[in-house]
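# Notes for the structure review
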Amino acid sequence: MLLSTVGDDEAYLLERRTEPSTVVVSVDDLLNDMGYASLYYDDSEAELQGLEDAVGDGGDTLVELSLDDQAELDRVEDLRLRLGEQRQSEWAAYGEVFKANVLRAAAELLPNLRVPVDVVVELE
């Protein structure tokens, strides 16, 4: 049935497609696979963990912390939150650029595709 509709050349299949073409981009997986996360975020998180471990007696929750130690833990937590926000922002920017490139490549490589190409960007 398919051959009688589009013929022997599979290039004509694109003209008959009725469902949108969906590309799912997992930014976290891509950047982790390329080693980007370990270059910056993993090292920064390890440094923050070291600062946190150095406060008081190294993390024993049974010891009461001084006001200075608690202030230092609060500072480290604030840095950790800011690092997470920066990571999310950079991952989102990368995802948008990747999405634009997928759409450009689809238009260039698949000029006969008559359905939309949907690009779903997942940050995590």
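For the structure, see preceding data.
Below you will find a few notes about this structure. (Residues numbered from 1 in each chain as written. Predicted model: local features only at pLDDT ≥ 70, side-chain atom pairs only at ≥ 80, totals over all residues. Heavy atoms only, no water.)

Right, let's talk about the packing of aromatic side chains for a bit. Applying the stated criterion across every chain yields a total of 2 aromatic pairs. Residues tyrosine 94 and phenylalanine 98 carry aromatic rings whose centres are separated by 6.0 Å and whose planes lie at 35° to one another, so their mutual orientation is tilted. Here tyrosine 94 pairs with phenylalanine 98, and both are found in helix α5 (residues 67–109), just 4 residues apart, close to one helical turn. You can call tyrosine 94 partly exposed: its relative accessible area is 28%. Looking at phenylalanine 98, the relative accessible area reads 28%, which means it is partly exposed. (Phe/Tyr/Trp six-rings, centres within 6.5 Å; stacked < 30°, edge-to-face > 60°. Helix = DSSP H or I, 4+ residues; strand = E, 2+ residues; numbered from the N terminus. Buried < 20%, exposed > 50% of the residue type's maximum accessible area, 1.4 Å probe, protein only.)

You can see threonine 22 is positioned in strand β1 (residues 21–26). Each C-alpha atom of the pair threonine 22 and aspartate 118 lies 4.6 Å from the other, and the pair is 96 residues apart in sequence. Other than its neighbours up to four places away in sequence, threonine 22 contacts Asp118 and Val120. (Contact = heavy atoms within 4.5 Å.)

Our focus in this paragraph is the pattern of salt bridges. Side chains that differ in sign of charge can pair as their charged atoms come close. All told, the structure shown has 8 salt bridges when counted by the stated rule. The residue arginine 80 makes a salt bridge to glutamate 45 at a minimum N-O spacing of 2.9 Å. Here the residue arginine 80 occupies a position in helix α5, and glutamate 45 occupies one in helix α4 (residues 36–54), the gap between them amounting to 35 residues. One salt bridge in this structure joins glutamate 124 and arginine 87, with 3.0 Å as the shortest N-O distance. Taken as a pair, glutamate 124 in the segment after β2 (117–122) and arginine 87 in helix α5 lie far apart in primary sequence, 37 residues in all. (Salt bridge = Lys/Arg side-chain N within 4 Å of Asp/Glu carboxyl O.)

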